[in-house]
Amino acid sequence: MAGRRAALKAIDWLAFAERVPPNQRGMFNALKTRTDAISAKLASLPETPAPIDWSYYRSAVAKAGMVDEFEKKFKALQIPEPADTQTATINTQEAEANKNAAAYIEASKARITMYEQELDKFKNMIPFDQMTIEDLNDAFPETKLDKAKHPYWPHKPIAEL
C-alpha cells in the first residue's frame, strides 16, 4: 500500500514549529490538524482489504455467470503504482545539503573562536580613557602613523583619509 509507506515518514513537528513565523501559526496549526486527521484515518484502515466472498454473490445475484465474470476481471485487475523517480535525486540533494551544513558549522566554529579571542583582547585591554598613544598603537596597529614613509602631516596618504 503506497499510502502506508508514505505515512511511515516521521515529521518532527516541534522542530517544524520552531521555524514557523508568528504570522503563519494559524496555517501551521491547520496543516498539523489536517495531517493528524489523515494519519489517524490511515492508521485505522487494515493493512490489506477484506477478501471478497464470491460464493455469497453467486448465491445472491440472479444472473448466472455475472459474478464469475466480475471475479475474473477483478483478479486480472492490476493497479499500477507510479514509479519513484525523485527519491534518488532528493537523497543526493540531502547529502549535499548535509555536507554544506557541516562545512558551514565548522567554519562558524572557527569564526567563533576567532571572535572569542578578539573579545578577550578587548576585555583585557587598558580602558581607552587611560591609554596613551603608544598603548593605542600597540592595541590597534592600523592606527600607527608612518612618519618615515609620510613625513608631513597627516602622515597618511590622502586616499586613506
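Residues numbered from 1 in each chain as written. Predicted model: local features only at pLDDT ≥ 70, side-chain atom pairs only at ≥ 80, totals over all residues. Heavy atoms only, no water.

Under an unreviewed UniProt entry, the name given to the chain is ATP synthase subunit d, mitochondrial, and the source organism is Cyprinodon variegatus. UniProt annotates the chain under Sequence similarities (unreviewed entry) with the comment "Belongs to the ATPase d subunit family." Check the Subcellular location (unreviewed entry) section of the UniProt entry for the chain; it says "Mitochondrion inner membrane". (UniProt positions renumbered as here; feature names shortened; annotations may be inferred.)

S.K.: With reference to specific residues and values, describe the overall build of the chain.
M.R.: Within the chain one finds seven helices and zero strands. Moving toward the C terminus, one meets the helices and strands of the chain in the order α-α-α-α-α-α-α. For 161 residues, the compact-globule formula gives about 15 Å, and the C-alpha radius of gyration of the chain, at 36 Å, lies well above that figure. The principal-axis extents of the C-alpha atoms in the chain amount to approximately 115 × 30 × 25 Å. Sorting the 161 residues of the chain into buried and exposed places 11% on the buried side. (Helix = DSSP H or I, 4+ residues; strand = E, 2+ residues; numbered from the N terminus. Rg over C-alpha atoms; globule rule 2.2 N^0.38 Å. Buried < 20%, exposed > 50% of the residue type's maximum accessible area, 1.4 Å probe, protein only.)

S.K.: Lay out the environment of Ala 43 in plain terms, naming residues and giving numbers.
M.R.: Looking at the secondary structure, you find Ala 43 in helix 3 (residues 25–44). The sequence separation of Ala 43 and Ile 11 amounts to 32 residues, and the corresponding C-alpha distance is 16 Å.

S.K.: Quick rundown of the pattern of salt bridges? Include the residues and the values.
M.R.: Counting across every chain of the model gives five salt bridges. One salt bridge in this structure joins Lys 32 and Asp 36, with 2.9 Å as the shortest N-O distance. Of this pair, Lys 32 and Asp 36 both sit in helix 3, separated by four residues, roughly a single helical turn. A residue is classified by how much of its surface remains accessible, and Asp 36, at 36% relative accessible area, is partly exposed. Across the pair Arg 58 and Glu 71 runs a salt bridge, and its minimum N-O distance is 2.2 Å. Residue Arg 58 is located in helix 4 (residues 54–60), and its partner Glu 71 is located in helix 5 (residues 66–76); the two are separated by 13 residues in the primary sequence. A residue is classified by how much of its surface remains accessible, and Arg 58, at 38% relative accessible area, is partly exposed. (Salt bridge = Lys/Arg side-chain N within 4 Å of Asp/Glu carboxyl O.)

S.K.: I'd love a proper account of the packing of aromatic side chains, names of residues and values included.
M.R.: Enumeration over the complete set of coordinates arrives at seven aromatic pairs. Taking 5.2 Å as the distance between ring centres and 85° as the angle between the ring planes, the aromatic pair formed by Phe 16 and Phe 28 counts as edge-to-face. Taken together, the residues Phe 16 in helix 2 (residues 13–18) and Phe 28 in helix 3 connect sequence positions 12 residues apart. On the basis of relative accessibility, which here comes to 8%, the residue Phe 28 falls in the buried class. Ring geometry for Phe 128 and Phe 140: centres 6.1 Å apart, planes at 15°, overall stacked. Taken together, the residues span a long stretch of sequence, with Phe 128 in the loop between helix 6 (87–123) and helix 7 (133–139) and Phe 140 in the segment after helix 7 at a distance of 12 residues. Looking at Phe 128, the relative accessible area reads 54%, which means it is exposed. Phe 140 sits in the buried class, given a relative accessible area of 14%. Every member of this aromatic cluster is reached through a ring pair, and the members are Trp 13, Phe 16 and Phe 28. (Phe/Tyr/Trp six-rings, centres within 6.5 Å; stacked < 30°, edge-to-face > 60°.)

S.K.: Outline a nonpolar patch on the surface, supporting the account with residue identities and numerical values.
M.R.: Residues Ile 52, Tyr 56, Tyr 57, Phe 74, Leu 77 and Ile 79 make up a contiguous nonpolar surface patch of roughly 650 Å² in combined accessible area. Positionally, Phe 74 belongs in helix 5. (Patch = residues over 30% accessible without salt bridge, like charges linked within 9 Å, V, L, I, M, F, W, Y side chains within 5 Å. Areas by Shrake-Rupley, 256 points an atom, 1.4 Å probe, with all protein chains shown as cover.)

S.K.: Residues and numbers for the side chain of Asn 137, please.
M.R.: Considering the arrangement of structural elements, one finds Asn 137 in helix 7. Looking at Asn 137, its side chain comes within polar contact range of the side chain of Thr 143, at 3.1 Å. Contact partners of Asn 137, with chain neighbours within four places excluded, come to Thr 143 and Lys 144. (Polar contact = N/O pair within 3.5 Å; in protein donor to acceptor, adjacent residues only side chain to side chain. Contact = heavy atoms within 4.5 Å.)

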